[in-house]
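# Report on the structure
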Amino acid sequence: MWGELAYQLYGLDGYEYLKDYDQDRDAPGEGTLSKLFAQYDQPALILIDEIADYMNKAAGTPVGDKTLADQTLSFVMALLEAAAESEHVTVVYSIADTAFGEQADRVRDGVRDHIEEVNEIGRRQHKTVTPTDENEIGQVLQHRLFSEVPENTAREAADSYFQFYDQEDRQYPQEATDAGYVDVLAREYPFHPSLIDALTDKIDTIPRFQRTRDALRLLARAVYYLWNHQPDSYDRHWIRIYDLTVADDDPGGGIQTILRERLFDFVDLGPAVTADIYDDDGTAHAQLEDRKWTENGLPPLGSHLTTTVLWHSLAYGEQAAGLTHADLNLAIGHPDLNFDDYDAALSALRGDDMDVACYFLYEEERLRFKQEPNLIRIIDQRIESTPEASAHSRFENRLTSKEIGDGGFKPVEFPESPADLPDTPDTPKLAVMHPDTAAVEDGGDTPPNRVTQLYEQQAAKHEGETETRIYKNYALFLAPDADRMNAAIDEARRLEAIEALLDSPEQKADLSSEQIEELRERSDEAQLMLGELVRNVYRHLYYPDRDGLTHITIGATESNGGTTLVDAVQTTLEDKIVKRDAGARGSAHVQQKLWQQTQDAMSTEALVNQYAKKPGLDYLFSTKPIRETVSSLVSDHGYAYWDGESGTAYWAGTTEPSTWPDPEPFAESPDVETSIRDSDVQIPSKKDDGPFVVYRDVDALVDDHLDEIDRPEQTVATCPECGTEVENPEGSEPYYCEEHQSDTTCSSCGKEVASEQLLDERGRCQECQPEESWEASKKMMSASRAFSEVRRDAESKAGTDRTPLLEEVTIQVGGDDPFQAAKFVSQRPGFKAREHAVTVRMEYETRTDDGTYSAEFTGSPSRFRDVIDQPGSFGDDRETIQFRFQFDEPEPITDEGDDLLDALDNDLDAGNIDVRVEGRGPIQASSEVTV
């Protein structure tokens, strides 16, 4: 191409300049072409017609590792660039838009990008020219198909039909009654303007239809067919839309062939043609209707109507497809034919005559043929028109609303700066990184820069000063995989497209109920698939270790969405998580991992915070193990504990503190407790809570709090009867003087009592009488009844002046499906509010003559819910599922109705669940009970 161009512009000298490029088929660059134009200071107009056609042929000619088509595109780009730099060179090119689709797209895309680049330079502007104006299509077709169109004949037909439209008592489109329409009729003759309008406004919406070229092919066939099948019953004045008849079924290029090969790609009306318009055996509904009229010397009215509607139905889009009755009147109206006959034929085709009623003809707002379009193509087209931003938004919404989840790790969504990721010791943070911020592209061994920044730095506010992050161990990061993002975004885009179709009344009008249902099913499938893809994108976990951040790929989540990303992280790091039921940490762990070696004391808050500060330590999901640890240190390892809120020292040693100044034993102080439970250990929940401190030994505690610890009381024994001081009292209180000493003693401890009324029926004093308690056990019955009866038994045992307390409750679930019943019970609010006090025990066995399967479980409710699915039974089943509540501080059973029994009674009242319940607890005087 470039050698020929140089020769035509500048002769042999010009060709010699590009000879080597031409012979090597190597496209010259912009600089070479600019020098060529500069040698000849004269205007040059370069015309290149149908580049796509040339490239289509050149694509088959190899040039090195490319083709001549590639070189041609490079040449066109260089030519335009050189022309933009020259004042004397103008390039005009045509693409032939749809003749060679793929090559035309390549040229158009390449040129568009180039022109935009050139325009930015601002030297010259390109101009896109459409060779044929809307009003010139008819004249072009006239010129190509007829050697001559007599002007007087055109004017006579135009005047006659304009008068016909003006006088006929029929509705026509507004333009047909305007005064200027007579000129339109004359200009378009012998083509009726409604035919040209249908081709340019309706058929032109089909992607593969090229307005002038394909219109010329169709009309050439129409003229050919009409010339060979001239009607003898009436005169023809115009070539009309119904002359594009599907009866022209010549396989070598007939109208029906063109329809089926090029125009039915998107909306396949082939079934409508065969059933309702034309069939080789003459049984199509329009052909059957035609016989009524042709037998009486009239034209085939059925074919006129259905063919007209067919071509108007090919337009894509609800608003474009079909035509109104006014449009139809204009398309078929003839002075020698009665509109009433057309009306009768149309009514028959619409269903008045069931023998000829069309299967695919609809009359809604417009007359049109419908055929179920290809649903996959509709979705694909909608996908193409869905903005990528919408797909990204859908991805993020799915991630944040459903897939991240929650749990022991607190998710932080899309932190961008150090201020976005809190530096606090309360809960481990899982930073879920944004795909645009920290996508992993290299396998993940090296953390993304933003992850490293957030791990190292913290800030109190945005754009504030950054400082070193203190609680690094509680900063974990979940980053997306860049390679997996594309599939997830594609699925998000697909889901957006499907939902847009379901939300579009116009689009749904084109679909059958079966297709709409299929679209809904595809939407559900896309929802599930998107969730799975989103979860699989977030697979790179970075967690702190002693040497910095460690990378690990988290395990696959469940495809049905049962596992969130937080769940997956917790499963991956299960060995590093300290849960409520983990038990006390050993003293060696405390000394080596938690204790500040230079200190004699540490607050419980500081001990807990060590887990957040020191990279590599476990993640503390509950402080109960730390409370148990402190209790163990005091009870078994010589440590002491100070409760600054109550002013109480806890110490279980036997050697007196060396700094204790009082002659009375340290343990006798009212501020000293010699035994400790984990519930006695406090960990501040807010900054103004009192100090709770653990000491290495009791001496350090006494040194710090000697002034706050009351000395033991030195009591003087007095006779309760007369008040006389009792010298050298023996035994236990009360002590009596010689006058009032009693011979009545406790049968258990031997202590004297004032009277026998102070002894119980077994002769025991009040101190030796056992603490009264209640117990209740109910067989398998409805849950509501079981809890109510246990409650009544407890209240009956306590009487009216005392309060029963609930210390332990065991619930065994029964019924046909105890697994599902247990799952239901464990999700009730009253249950979940006390979940920390529950232990679950499950035994399952199924057996046959030749096999046995059994399983056991003991653990927390949260872990039980992970294994709740019942194994498939293959024989006789036996299952036992129990929930045991054990309260460190028993719950009062009061009229307030806020205890466990009342809560489960209310929660399970509407459920058809059977349970076996056992309960017990102490009974106390009402004045001693705090509710």
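Residues numbered from 1 in each chain as written. Predicted model: local features only at pLDDT ≥ 70, side-chain atom pairs only at ≥ 80, totals over all residues. Heavy atoms only, no water.

## So, the overall build of the protein
- Within the protein, the secondary structure is distributed over 34 helices and 26 strands.
- Relative to its full complement of 931 residues, the protein shows a buried share of 47%.
- A fraction of 69% describes how many contacts in the protein between residues 6 or more apart in sequence connect residues 24 or more apart.
- Total accessible area computed for the protein in this model is approximately 47,600 Å², and 41% of it derives from carbon and sulfur atoms. (Helix = DSSP H or I, 4+ residues; strand = E, 2+ residues; numbered from the N terminus. Buried < 20%, exposed > 50% of the residue type's maximum accessible area, 1.4 Å probe, protein only. Contact = heavy atoms within 4.5 Å. Areas by Shrake-Rupley, 256 points an atom, 1.4 Å probe, with all protein chains shown as cover.)

## Focus: the environment of E795
- Checked against the element boundaries, E795 lands in helix α30 (residues 783-798).
- For E795, a relative accessible area of 29% puts it in the partly exposed group.
- A C-alpha to C-alpha distance of 7.7 Å links E795 and I893, two positions 98 residues apart in sequence.

## Structural notes on the environment of T446
- Structurally, the position occupied by T446 is in the loop between α20 (435-438) and α21 (449-456).
- For the pair T446 and L549, spaced 103 residues apart in sequence, the C-alpha separation works out to 9.0 Å.

## Re the pattern of salt bridges
- Overall, the coordinates contain 38 salt bridges when judged by the stated rule.
- R221 is the salt-bridge partner of D248, the closest N and O atoms lying 2.7 Å from each other. You can see D248 sitting in the loop between α11 (211-228) and α12 (255-263) and its partner R221 sitting in helix α11, a full 27 residues away along the chain. Each member of the pair, D248 as well as R221, is classed as buried.
- A cluster of three or more residues bridged by salt bridges with shared partners is formed by K624, R627, E628, D678 and D888. (Salt bridge = Lys/Arg side-chain N within 4 Å of Asp/Glu carboxyl O.)

## Looking at the side chain of T308
- Position of T308 among the secondary structure elements: in helix α15 (residues 301-313).
- Those residues in contact with T308, other than ones at most four positions away along the chain, are I241, Y242, L323, L328, A331 and I332.

## Thoughts on helix α9 (residues 181-188)
- Considered for burial, the residues of α9 that qualify are Y181, V182, L185, A186 and E188.
- Where α9 is buried, its residues touch α6 (137-145), α7 (151-167), α8 (174-177), α10 (193-202) and α16 (325-332).

## As for the packing of α30 against helix α34 (residues 900-907)
- Remark: α30 packs on α34, axes separated minimally by 8 Å, with the N-to-C direction vectors making an angle of 160 degrees. The orientation of α30 relative to α34 falls into the category roughly antiparallel. Where α30 crosses over α34, the two elements pack in a sense that is left-handed. When α30 is examined against α34, the residues S784, F787, S788, V790 and R791 are found in contact with a partner set consisting of L901, D902, L904 and D905.
- Here the contact of α30 with α34 is composed, by residue class, of four nonpolar, two polar and three charged. (Axes fitted to C-alpha atoms, helices over the stretch in contact; angles between N-to-C directions. Parallel < 35°, antiparallel > 145°, perpendicular 65-115°, else oblique. Left-handed = near helix turned anticlockwise from the far one by under 90°. Nonpolar A, V, L, I, M, F, W, Y, C, P; charged D, E, K, R; others polar.)

## Topic: the confidence of the model for the protein
- Averaged over the protein, the pLDDT score is 84; the fraction of residues at 70 or greater is 87%.
- pLDDT under 50 marks residues 111-124. Its contacts with residues more than four places away, or in other chains, come to 22 contacts.
- Between residues 927-931, whose pLDDT stays under 50, and residues either more than four places distant or in other chains, the model counts eight contacts. (pLDDT = per-residue confidence, 0-100.)

## Some remarks on the sheet that holds strand β8 (residues 429-432)
- Ordered in space as β7-β8-β11-β12-β13, the five strands form an open sheet in which the pairing is mixed. For this open sheet the edge positions go to β7 (410-413) and β13 (548-553), each flanked by a neighbour on one side alone. Across the sheet, the axes of successive neighbouring strands diverge by a mean angle of 25 degrees, strand direction being ignored.
- Both β8 and strand β11 (residues 475-480) contribute to a ladder of four bridges, which runs parallel. Looking at the pairing, K429 lines up with A475 of β11.
- This element, α21, spans β11, β12 (538-545) and β13 of the sheet and lies at about 170 degrees to β11. (Pairing = 2+ DSSP bridges.)

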